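The lines below spell out each chain.
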Amino acid sequence: MTFKKLSEYFEELEKTSSRLKITEILANLFKEAEEDEIGKICYLSLGRLLPQYEGLEFQMAEKMLVRAVAKAFGIEDQAVQKQYKKEGDLGVVAEELKARGYKGAQVQSLFGEPKKQILSVGEVYKRLMEIAKEKGEGSVDRKITKMAALLTEIEALAVRFVVRIPLGKLRLGFSEMTLLDGLSWMGKGDKSLRPELEGAFNVVADIGKIAETFKKSGEKGIKEIKVTLGVPILSALAQRLPTVEEMVEKMGEVVVEPKYDGTRLQVHFGRSIGGVRVFTRNLENVTHMFPEIVEAVKKEVKAEEIIFDSEGVGVDPKTGGYLPFQETIKRKRKYGIEDKAKEIPLKCYLFDVLYKDGKSLISEPLRKRREILEKAIEHKANTLVLSPQIITSDPEEIRAFHQEQIERGLEGAMIKKADSAYEPGRRGFTWVKFKQEETKKGGGLADTLDCVIMGTYRGKGKRAGFGVGAFLVGVKKDDVFVTVSKIGTGLSDEQWREVYKRTENKALKTEEKPEEYSVDKNLYPDTWVKPEIVVEIQADNITESPIHTAGLALRFPRLVRFRDDKTQNQATTLRETEKLFELQK
Ligand code: AMP
């Protein structure tokens, strides 16, 4: 396929807001794509060149792209910058320059006459890859020159999208899940294959690979998708149940473990992937942030290849005690890694093994996986620590274990069905989190909610000084956000300042309600905020609500903390909120 054709598809997708229509357009695009292009098209449509977990960044700041555009079309940097400021979209600015026939003398003299050929998707992809991979001394100039050359060789419409990709501003408005719908539509003319495709994606979270496999070998190929060392598996997630008795009733014999309050880490190790890779629950590759884990895995793992699931928790280097989540999360950083690692060393509490020496273990029962895990690490209890556990079906024993964890300053316990398989990406009833028992709380909620900030309201009086007086939060209902609370009290001064700082960064520069937000007119905020900030909210209870579009509202909400480890995809869903509402009855 030519890149020009792909750009026409992108333009159509950009203009469309109906989910169903987007799915159909994607299906047509996928039909037209060749087997070796479809994966690249998936990454490009998400504004990337590789799956996110590969961590390939363009390393091209806005200024560099302005220079590349200026060079490509033979005008001054300042003129491009000025136009960009006015237009707000460098892709459109560059497209217009190209359409109006601007030509960069500089670039032409450097590269000769632009080639007359029409570039294919594969060729543009290759060139973008080269630009992204330029590193080291002089790479800034090489990136700019190569980008400018590419811009001179592609059509105006293509220029729009190629400029937006390194800026991280492609914004076609869909995620991997919509791409999976598009694949299903290509195969069956409806969304009926989505569960199967999603199941495969949960095991191998590489959308390009899923698309390519499906295009080449159809459903059969998808069924054969297997755990792959180096490619993250979507984390199994936990449900909630109101009482211990119900947990035992539903799950029978259970494994009970402490619920650590840190950050989920999936660790892959093996020579074929060049050592150790560490992924978060959001599929981010964070290997370089945790050098002590990398070292410990190399020394303490007794296997050629392994994938294990764990929780990383910061410890106080003096006392060895657990540090709160807010401290642990400081380890997620780009700079000053070594210093922070000394200040907040991490312990990795291992609770599952998903693959060992060429064999996927996700279908094995938890009990057996645990046996394998115990044999696979040296028990030095330094950085890699096997999570303690008991196996029981006695509610009182579970309560006692849970109480012990609370007294040790942990969040509670995780209760897992002893004979269950690992369920990638699923919030099933094989894992249940047990923070606080309903009956003991006097009407409180069984769990906190992870909500998304949708907008902010200006404050009056003292709050005006913070820049924000209240904020609107919501939960996800499929692809739409519905509101559950307008929070205006219960925050410390510091938290208000933090809300302002974070929301200001993510403010949308338009008064128009975003398409994916469903909000009652009476609740329209002063500023709409991109759905990228997840906050953990505690509430006394949930009531039915005529104005909140969830149909439910939180009573006496309080901000517990910012969940920087979660994206909107890990936020609480409407279905879960409804369950919490049911649970309190
Ligand atoms: P939540 O984020 O409240 O839904 O709780 C699930 C999270 O608890 C997981 O994603 C893990 O990060 C964390 N966790 C802590 N201890 C454990 C454990 N023993 N087993 C599984 N997950 C755990």
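It should be emphasised that the depicted structure is a prediction, and the values quoted were computed from it without experimental measurement.

A separate point is the environment of Glu35. Inspection of the secondary structure assignment puts Glu35 in helix H3 (residues 35–45). Looking at Glu35, the relative accessible area reads 37%, which means it is partly exposed. Ignoring anything within four residues of it in the chain, the contact list for Glu35 reads Glu212, Lys215 and Lys216.

Moving on, we get to the pattern of salt bridges. Evaluated as defined, the whole model comprises 57 salt bridges. Of the charged contacts in the structure, one is a salt bridge between Arg367 and Glu253, with a shortest N-O distance of 3.0 Å. In this pair, Arg367 sits in helix H18 (residues 366–376) while Glu253 sits in the loop between helix H14 (244–251) and strand S2 (254–259), placing the two residues 114 residues apart along the sequence. Residue classification places Arg367 among the partly exposed positions, given a relative accessible area of 28%. Looking at Glu253, the relative accessible area reads 36%, which means it is partly exposed.

Our next topic: the site of the ligand. Lining the immediate environment of the ligand, one finds 15 residues, of which Arg264, Arg281, Glu311, Lys416 and Lys433 sit closest. In this structure, Lys259 approaches the ligand through a side-chain N or O atom, which is 3.1 Å from an oxygen atom. For the ligand, the accessible surface in isolation is 500 Å², of which the surrounding protein chains cover 96%. The set of elements that each furnish at least two residues to the shell around the ligand consists of S2, strand S10 (412–417) and strand S11 (427–434). Taken together, the residues of the shell around the ligand sort by class into five nonpolar, no polar and ten charged.

The residue Asp357 is not glycine, and still its phi comes out positive at about 40°. We classify Asp357 as partly exposed; its relative accessible area is 37%. You will see that Phe556, though not glycine, has its phi angle at about 50°, which is positive.

The subject of this paragraph is helix H4 (residues 62–73). Given 3.6 residues per turn, any residue in an α-helix points the same way as the ones three and four places further on. The first and last C-alpha atoms of H4 sit 17 Å apart over twelve residues, in line with the 16 Å expected at 1.5 Å per residue. For H4, the buried fraction is high: nine of the twelve residues fall into the buried class. Along H4, the positions that sit buried rather than exposed are Met64, Leu65, Val66, Ala68, Val69, Ala70, Lys71, Ala72 and Phe73.

Turning our attention to the sheet that holds S10. Ordered by their spatial adjacency, five strands build an open sheet running S1-S11-S10-S2-S9, and the pairing between neighbours is mixed. Strands with a single pairing partner mark the edges of an open sheet, and in this sheet they are strand S1 (237–239) and strand S9 (390–392). Taking each pair of neighbouring strands and ignoring which way they run, the sheet shows an average axis angle of 40°. As paired elements, S2 and S10 share six bridges and run antiparallel to each other. Bridging from a neighbouring strand, Val255 pairs with Lys416 of S10.

Attention shifts here to the pairing of strand S13 (residues 470–477). S13 sits mainly inside the fold: seven of its eight residues count as buried. Where strand S12 (residues 449–457) lies against S13, five bridges are found, and the strand directions are antiparallel. Residue pairing in the sheet places Ile453 in a bridge with Val473 of S13.

It is worth spelling out the pairing of S11 at this point. Burial analysis of S11 places six of its eight residues in the buried class, which makes it a mostly covered element. Alignment of S1 against S11, held across three bridges, turns out to be parallel. What sits directly across from Ala238, in S11, is Gly428. For S10 and S11, the ladder comprises four bridges, and the chain directions are antiparallel. By the bridge assignment for S11, Ile415 is matched with Val432.

Our focus in this paragraph is the packing of H3 against helix H13 (residues 207–223). Interaxial distance between H3 and H13 falls to 8 Å at its minimum, and their mutual angle equals 150°. With respect to each other, H3 and H13 are oriented roughly antiparallel. Remark: the crossing between H3 and H13 carries right-handed chirality. Taking contact as the criterion, the partners of Glu35, Ile38, Gly39, Cys42 and Tyr43 in H3 are, on H13, Ile207, Gly208, Lys209, Ala211, Glu212, Lys215 and Lys216. Taken together, the residues that form the contact of H3 with H13 break down as five nonpolar, two polar and five charged.

In a regular helix each residue adds 1.5 Å, so 13 residues correspond to 18 Å; helix H11 (residues 176–188) covers 18 Å between its end C-alpha atoms and thus fits that length. The element H11 is extensively covered by neighbouring structure, given that ten of its 13 residues are classed as buried. Every buried residue of H11 is listed here: Glu176, Thr178, Leu179, Leu180, Asp181, Gly182, Leu183, Ser184, Trp185 and Met186. Along its buried surface, H11 packs onto helix H2 (19–32), H3, helix H12 (194–203) and H13. Positive backbone phi, approximately 75°, marks Gly189, located one or two places after H11.

This part takes up the environment of Tyr517. Tracing the chain through its elements places Tyr517 in strand S15 (residues 517–518). For Tyr517, a relative accessible area of 1% translates into the label buried. Sequence separation between Tyr517 and Val480 is 37 residues, and the spatial gap between their C-alpha atoms is 5.8 Å. For Tyr517, the residues in contact, after removing those within four places along its chain, are Ile453, Met454, Phe481, Trp528, Val529, Lys530 and Pro531. A polar contact of 2.5 Å, which involves the side chain of Tyr517, links it to the backbone oxygen of Val529.

Ranked by size, the top nonpolar core spans 98 residues in total, and within it Leu44, Leu90, Leu151 and Leu183 carry the most contacts. Those residues within four positions of Leu90 in sequence are excluded, and the remaining contacts are Leu65, Val66, Val69, Val80, Tyr84, Val163 and Leu167. With 31 residues, the next largest nonpolar core counts Cys451, Phe466, Val468 and Phe581 among its residues.

Rules of the game
Residues numbered from 1 in each chain as written. Predicted model: local features only at pLDDT ≥ 70, side-chain atom pairs only at ≥ 80, totals over all residues. Heavy atoms only, no water. Helix = DSSP H or I, 4+ residues; strand = E, 2+ residues; numbered from the N terminus. Buried < 20%, exposed > 50% of the residue type's maximum accessible area, 1.4 Å probe, protein only. Contact = heavy atoms within 4.5 Å. Salt bridge = Lys/Arg side-chain N within 4 Å of Asp/Glu carboxyl O. Near = heavy atom within 4 Å. Polar contact = N/O pair within 3.5 Å; in protein donor to acceptor, adjacent residues only side chain to side chain. Areas by Shrake-Rupley, 256 points an atom, 1.4 Å probe, with all protein chains shown as cover. Nonpolar A, V, L, I, M, F, W, Y, C, P; charged D, E, K, R; others polar. Expected span 1.5 Å × (residues − 1). Pairing = 2+ DSSP bridges. Axes fitted to C-alpha atoms, helices over the stretch in contact; angles between N-to-C directions. Parallel < 35°, antiparallel > 145°, perpendicular 65-115°, else oblique. Left-handed = near helix turned anticlockwise from the far one by under 90°. Core = buried A, V, L, I, M, F, W, Y, C linked by side-chain atoms within 4.5 Å.

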